[in-house]
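Structural description and commentary
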Amino acid sequence: MATLLVGYTASDLFERGKHGKKFTASWLNEDVTCHCLDIYHRHAIEKTHHVKAICTPHLPEGPWDVIRFKTGPKRMSGELALDQLQEIHLLMRQQKPAPKFELVYDGKERDRNDLLNKIKDDPDRVRDFSATWKASVPGIDPLTFTSFPGCFCHRRQDEGGLALAEVVSKDLSSSIQHSSLNPRRLLDMGCGCGLVGLLIARAVKGVSLVGVDSHSRAIEAANLNAQALGVEAEMILSDNGTPARMDGTFDVFVGNPPYYSDYRIAEVFLDTAKRALKPGGVCYTVCKNAAGLEPVQRQYFPDVEIIKRRGYAVLKSVKPL
Ligand SMILES: C[S@@+](CC[C@H](N)C(=O)[O-])C[C@H]1O[C@@H](n2cnc3c(N)ncnc32)[C@H](O)[C@@H]1O
């Protein structure tokens, strides 16, 4: 039975045996494919279970005998759940006979039924869940960005990202006036839909941009936005930084890391910054609380300057020569 699992993480694929010992669930057979939106989840599944996992912004076509969707309010936004349910519904309509569908809902029965009814009530309606919105830094006209459900800050700009873009655009514009270094290679890690890197690339002449994100829909949006804004950029899907061939090639690093799981992901970002930057290259990160991030950043760079903007702190460090 070709089975597609949607919305599952590595920990969902365990069962507990005697004495609480964890093992791969018995219902997982060789013909199971796990679809992940974030490559981190794909890697975690491949590491802990012998099961096929793929990471793409949209669901793979199949044919499938069974599609099983695990969702709920603590797992994903309501909009992403509806978007994925719509994709499943469209996949099922393409196939004759239609695959069997199972919804595994972590939440209230009423909310589960509400979600299903949104598709059942009007099965022919295909909703567009993308959003467009504007963002700008001083010196340029507002730019239009597109985002999708699943992207960080879908439907709006993040104030932390904007603070970072403002500080770096200003810094680079003034330093480029006093330097012969041109063009500058910029790495935007955790680029999301491209907000920070694309604003800087449009505000500062001669910037060549590489974006990295672990979320497939972020990369899809970042590519779309780069193209629409006429910025030549390479956008890479990765959860462990840039490829080794890019080590020591960047002049500037920007990162607005997520701060869940303490500073573990911020450390992945800072480790990438240290590797990717040339000696003399500059690393900028942003956070709400500089007191927490500063000691972490000091483990990677000897000096940290704190620049306050929009209620956020931008932490600036130079890689020693
Ligand atoms: C706080 S958001 C910032 C997005 C965007 N730069 C902005 O400012 O709007 C953090 C981003 O980091 C991405 N991310 C999380 N872990 C990552 C990892 N290990 N490698 C690359 N990106 C990661 C998330 O998918 C998310 O898009």
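Residues numbered from 1 in each chain as written. Predicted model: local features only at pLDDT ≥ 70, side-chain atom pairs only at ≥ 80, totals over all residues.

1. Observations regarding the sheet that holds strand β6 (residues 66-71)
Strand order in the open sheet formed by 5 strands is β5-β4-β1-β6-β7, with parallel pairing between adjacent strands. Two strands in the sheet have a free side with no partner beyond their single neighbour: β5 (52-55) and β7 (100-105). Taken over all neighbouring pairs, the strand axes of this sheet differ in orientation by 20° on average, direction set aside. Bridging between strand β1 (residues 3-6) and β6 involves 4 bridges; their strand directions are parallel. Within the sheet, the bridge partner assigned to Thr3 lies in β6 and is Val66. Together, β4 (32-36) and β5 form the strand contacts of helix α1 (residues 39-48), whose direction differs from that of β5 by roughly 170°. (Pairing = 2+ DSSP bridges. Helix = DSSP H or I, 4+ residues; strand = E, 2+ residues; numbered from the N terminus. Axes fitted to C-alpha atoms, helices over the stretch in contact; angles between N-to-C directions. Contact = placed C-beta atoms within 7 Å.)

2. Topic: the sheet that holds strand β16 (residues 312-318)
The sheet built from 7 strands is open, its strands ordered β12-β11-β10-β13-β14-β16-β15 with mixed pairing. In the strand order of this sheet, the two ends are held by β12 (233-237) and β15 (305-309), each with one partner. Across this sheet, the average inter-strand angle for adjacent strands is 20°, counted without regard to direction. Here 4 bridges tie strand β10 (residues 184-189) to strand β13 (residues 250-255), and the two strands are oriented parallel to one another. What sits directly across from Asp188, in β13, is Val254.

3. Remarks on the packing of helix α2 (residues 78-94) against helix α3 (residues 109-120)
Running from N to C, α2 and α3 point in directions that differ by 50°, and their axes come no closer than 10 Å. In terms of orientation, α2 lies oblique with respect to α3. In the crossing of α2 with α3, the sense of the turn from one axis to the other is right-handed. The residues of α3 that touch α2, namely those facing Ala81, Leu82, Leu85, Gln86 and His89, are Leu115, Lys118 and Ile119. Partitioned by chemical class, the residues of the contact of α2 with α3 number 5 nonpolar, 2 polar and 1 charged. (Parallel < 35°, antiparallel > 145°, perpendicular 65-115°, else oblique. Left-handed = near helix turned anticlockwise from the far one by under 90°. Nonpolar A, V, L, I, M, F, W, Y, C, P; charged D, E, K, R; others polar.)

4. Things to note about the environment of Ala44
Within the secondary structure, Ala44 is located in helix α1. Residue Ala44 is classed as partly exposed on the basis of its C-beta count, with 18 C-beta atoms lying within 10 Å. Counting along the chain gives 33 residues from Ala44 to Ser11, while the straight-line C-alpha distance between them is 8.9 Å. Other than its neighbours up to four places away in sequence, Ala44 contacts Thr9 and Ala10. (Buried ≥ 20, exposed ≤ 12 C-beta atoms within 10 Å, placed from the backbone.)

5. Remarks on the domain arrangement of the chain
For the chain, the assigned domains read domain 1 (3-120) and domain 2 (131-318). Contacts between the two partners involve 12 residues from domain 1, matched on the other side by 10 residues from domain 2. When contributions to the side of domain 1 that touches domain 2 are tallied by element, the ones reaching two or more residues are α1 and α2. Residue composition of the side of domain 1 that touches domain 2, grouped by class: 6 nonpolar, 3 polar and 3 charged. (Domains from an automatic or database assignment.)

6. Topic: helix α6 (residues 216-228)
In this model α6 runs 18 Å from its N-terminal to its C-terminal C-alpha over 13 residues, within 8% of the 18 Å that 1.5 Å per residue would give. Within α6, the full set of buried residues consists of Ser216, Arg217, Ala218, Ile219, Glu220, Ala221, Ala222, Asn225 and Ala226. Next to the buried residues of α6 lie α1, β5, β9 (143-147), α5 (195-203), β11 (207-213) and β12. Taken from the residues just after α6, Gly230 is the one with a positive phi, measuring 70°. (Expected span 1.5 Å × (residues − 1).)

7. What to know about the pairing of β16
Extensive coverage of β16 is indicated by the burial of 5 of its 7 residues. For strand β14 (residues 277-287) and β16, the ladder comprises 6 bridges, and the chain directions are antiparallel. Within β16, the residue paired with Thr285 across the bridge is Leu315. In textbook terms, the turn of a hairpin is the stretch between consecutive antiparallel strands, and for β15 and β16 this stretch comprises 2 residues, one of which, Arg310, has a positive phi near 55°.

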